[in-house]
Amino acid sequence: MLTRLPIVVPAEPDRPELAGPDHPIRQVTRQIAFEPGGWTAERRQKVAELFDGLAPDWHERDVAIRHDALLDALDRGGPFDPAAPCLELGSGIGAFTPDLRARFDHVVAADLSFEMLRRADDAGAPRALADSAALPLANAAAGTVVLVNMFLFPAEIDRVLRPDGVLVWVSVLGDRTPIYLSAEDVEAALPGDWEGTAAEAGWGTWAVFRRAPGR
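Residues numbered from 1 in each chain as written. Predicted model: local features only at pLDDT ≥ 70, side-chain atom pairs only at ≥ 80, totals over all residues. Heavy atoms only, no water.

A. Structural detail: the overall build of the protein chain. If you tally the helices and strands in the protein chain, you get seven helices and eight strands. By the compact-globule yardstick of 17 Å for 215 residues, the protein chain fits well, its C-alpha radius of gyration being 16 Å. Across its three principal axes, the protein chain shows a C-alpha extent of roughly 45 × 40 × 35 Å. Scored against the burial criterion, the 215 residues of the protein chain give a buried share of 47%. Considering only intrachain contacts with a sequence separation of at least 6, the fraction spanning at least 24 residues in the protein chain is 62%. (Helix = DSSP H or I, 4+ residues; strand = E, 2+ residues; numbered from the N terminus. Rg over C-alpha atoms; globule rule 2.2 N^0.38 Å. Buried < 20%, exposed > 50% of the residue type's maximum accessible area, 1.4 Å probe, protein only. Contact = heavy atoms within 4.5 Å.)

Okay, structure coming up:
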């Protein structure tokens, strides 16, 4: 079940139109989320090489409005347990890590790209080079998992989240984000029954999911 909240952070004009439904990486995103075997060793290597190459100029994308959706999710998608570990997947250069450090006591930022991690500022959070399809974490290790413009690996999210854990899914350019799934798609991809809250904010969209009661 998905509940939609009203918009409280209006969109500014001139949203970048980076990708539509036919963009190749959009199709890859769906394959990874929905198809068994969608994440291959070859694809993992290509994605790592792609983002390693983009890393030197990635900081140029970080403007304030790109944070609106995450901040709105943290404001209205709760409650969150600030004392439980927060795992940020696809953290890149760490642009959003300070937003999470302001809300959670313990944040770990992980990414597949070494060059992205190498360029991350010290935001008071340890960084980990990791494949999000096979995280080096115990079962139920995280209280909150945050994905901003990130591929969804549903089974691994289900594995590492605590029974009462929370998934935060953010697309900073909404449906024009290259790596994008709608809130409905995320809910459908996750194993078992989940409940979600979703909204638009600024240029972006967000959704927060919890396992349904009794799961």
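Moving on from the coordinates now.
B. Structural view of helix α1 (residues 24-34). Listing the buried residues of α1 in full gives Ile25, Arg26, Val28, Thr29, Ile32 and Ala33. The buried residues of α1 occupy one face: seen down the axis, they fall within an arc of 160 degrees. Its buried side turned inward, α1 meets α2 (41-54), α6 (154-160) and α7 (183-189). (Arc of directions from axis to C-beta.)

C. Focus on the pairing of strand β2 (residues 86-89). Of the two faces of β2, the one lined by Cys86 and Glu88 and the one lined by Leu87 and Leu89 are each fully buried. Sheet topology note: the β2/strand β3 (residues 107-111) ladder contains four bridges and is parallel. From the neighbouring strand, leucine 89 faces β3, where its bridge partner is alanine 110. In this structure, β2 lies alongside strand β5 (residues 142-148), joined through four bridges in parallel fashion. Within β5, the residue paired with leucine 87 across the bridge is valine 145. (Pairing = 2+ DSSP bridges.)

D. Seen up close, the side chain of histidine 67. The topology assignment puts histidine 67 in the loop between α2 and α3 (68-76). Of the residues examined, histidine 67 reaches a relative accessible area of 11% and is grouped as buried. In this structure, histidine 67 is in contact with Asp62, Ala95, Phe96 and Asp99, ignoring residues within four places of it in sequence.

E. Local environment of the side chain of serine 113. In this structure, serine 113 sits in the loop between β3 and α5 (114-118). Of the residues examined, serine 113 reaches a relative accessible area of 1% and is grouped as buried. Beyond its immediate stretch of four places on either side in the chain, serine 113 contacts Ala48, Phe51, Asp52 and Leu129.

F. Expanded view of the packing of aromatic side chains. Inspection of every chain in the model, using the stated rule, returns four aromatic pairs. Relative to phenylalanine 151, the ring of tryptophan 39 has its centre 6.0 Å away and its plane inclined at 50 degrees; by these criteria the two rings are tilted. Pair noted here: tryptophan 39 is in the loop between α1 and α2 and phenylalanine 151 is in the loop between β5 and α6, with a separation of 112 residues, a long-range link. In this pair, the class of tryptophan 39 matches that of phenylalanine 151, namely buried. Ring geometry for phenylalanine 80 against phenylalanine 104: centres 6.0 Å apart, planes inclined by 80 degrees, an arrangement best described as edge-to-face. Of this pair, phenylalanine 80 sits in the loop between α3 and β2 while phenylalanine 104 is found in the loop between α4 (97-101) and β3, placing the two residues 24 residues apart along the sequence. (Phe/Tyr/Trp six-rings, centres within 6.5 Å; stacked < 30°, edge-to-face > 60°.)

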